[in-house]
Amino acid sequence: QTVVGPSGCPTAVLEGTIPPGVDIKRLCRRAVRNAPTPQAAFAIKWALVRLGAPYACGGIGRLEQWRFDCSSYVSRAYAEGAGLKTAGDAWAPSTRNMVPWDGVSLDPHYAVIPPAMLQPGDLVLYDTCPAGETCAYRHVAMYLGAAEDGGQPLMAQTNACGSVAHVAPFPGTQVPTFLGVRRVTPLGGEKVVGTIDPPREPGATQGKPGKPRPGRKSGAGSLSQDG
């Protein structure tokens, strides 16, 4: 089961959702410490506490409390975890808004940054379409960095029917399928309103209750196919 510590980081997660030998508590704390913005720090906690949530096949159920596709997972992390308007109660963007592609404009929340500036909480985008084919989707994951010095860089993602949100090795920015890095930034008037509320999933428990930072409260969470 998922156990949430006082800081908002998970201290235990569902079996099979992190690579062998990875300490989820250490990974979360290190990622939060190295996050480039307060929003990213809250989004990281939100995403890691929800490891094990089923993938929303075909985008169906991607706005449910315990189900995501790749783009609703990361956009809701910043909306529900950090209070930004990157998603809402009845909508969440697709990777079309993040790459962008298919004639859609880049959502201003997703700032384009050089790969060399990549830090925990940033979003990494990949083209997962088989070579020679044209697909109606791309893939996005949340970069986490390594759990310890010299360790394997990791990312949080959900990416396939029958799978769940999980931590996976980060493939890097030099692979041919890499599309870019996006840093989620607040727009005018948006403020960080982070929460460490536990997820609504069977078996999740809260450790000693943490106190939200002063002046911060919970923020809010179209159907599309994303990898």
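Up top you'll find the structure we're talking about.
Peer 1: I'd like to hear about the overall build of the protein, residue by residue, with values.
Peer 2: The helix and strand tally for the protein stands at three helices and nine strands. Along the protein, helices (α) and strands (β) appear in the sequence β-β-α-α-α-β-β-β-β-β-β-β when read from the amino end. For the protein, with 227 residues in total, the buried portion stands at 54%. Carbon and sulfur atoms make up 54% of the accessible area of the protein, which totals about 10,000 Å².

Peer 1: Can you lay out the state of the cysteines for me, pointing to particular residues and giving the numbers?
Peer 2: For the structure shown, the criterion picks out three disulfides. Two residues, cysteine 9 and cysteine 28, share a disulfide whose sulfurs are 2.1 Å apart. Taking the sign of the S-S torsion, about -80° here, the bridge from cysteine 9 to cysteine 28 comes out left-handed. Pair noted here: cysteine 9 is in the loop between strand E1 (3–4) and strand E2 (10–12) and cysteine 28 is in helix H1 (residues 24–34), with a separation of 19 residues, a long-range link. Overall, the relative accessible area of 0% leaves cysteine 28 in the buried class. Residue pairing for cysteine 129: its cysteine sulfur links by disulfide to cysteine 135, the two sulfurs lying 2.1 Å apart. Residues cysteine 129 and cysteine 135 share a disulfide whose torsion about the S-S bond is about 70°; that sign makes it right-handed. Cysteine 135 matches cysteine 129 in its accessibility class, with the two residues each being buried.

Peer 1: Residues and numbers for the sheet that holds strand E4 (residues 123–126), please.
Peer 2: Read across the sheet, six strands follow the order E3-E8-E4-E5-E6-E7 without closing on themselves; strand pairing throughout is antiparallel. Two strands in the sheet have a free side with no partner beyond their single neighbour: strand E3 (110–113) and strand E7 (166–169). Across the sheet, the mean angle separating the axes of adjacent strands is 40° when strand polarity is ignored. By the bridge criterion, four bridges tie strand E6 (residues 154–157) to E7 in an arrangement that is antiparallel. Each bridged residue has a counterpart across the sheet, and for leucine 154 the counterpart in E7 is proline 169. Packing against the sheet, helix H2 (residues 38–49) makes contact with strand E5 (139–145), E6 and E7, and its axis sits at approximately 110° to E5. Each of E3, E4, E5, E6 and strand E8 (178–184) is contacted by helix H3 (residues 70–80), which is oriented at about 50° to E5, the strand it contacts most.

Calculation criteria
Residues numbered from 1 in each chain as written. Predicted model: local features only at pLDDT ≥ 70, side-chain atom pairs only at ≥ 80, totals over all residues. Heavy atoms only, no water. Helix = DSSP H or I, 4+ residues; strand = E, 2+ residues; numbered from the N terminus. Buried < 20%, exposed > 50% of the residue type's maximum accessible area, 1.4 Å probe, protein only. Areas by Shrake-Rupley, 256 points an atom, 1.4 Å probe, with all protein chains shown as cover. Disulfide = S-S within 2.5 Å. Pairing = 2+ DSSP bridges. Axes fitted to C-alpha atoms, helices over the stretch in contact; angles between N-to-C directions. Contact = heavy atoms within 4.5 Å.

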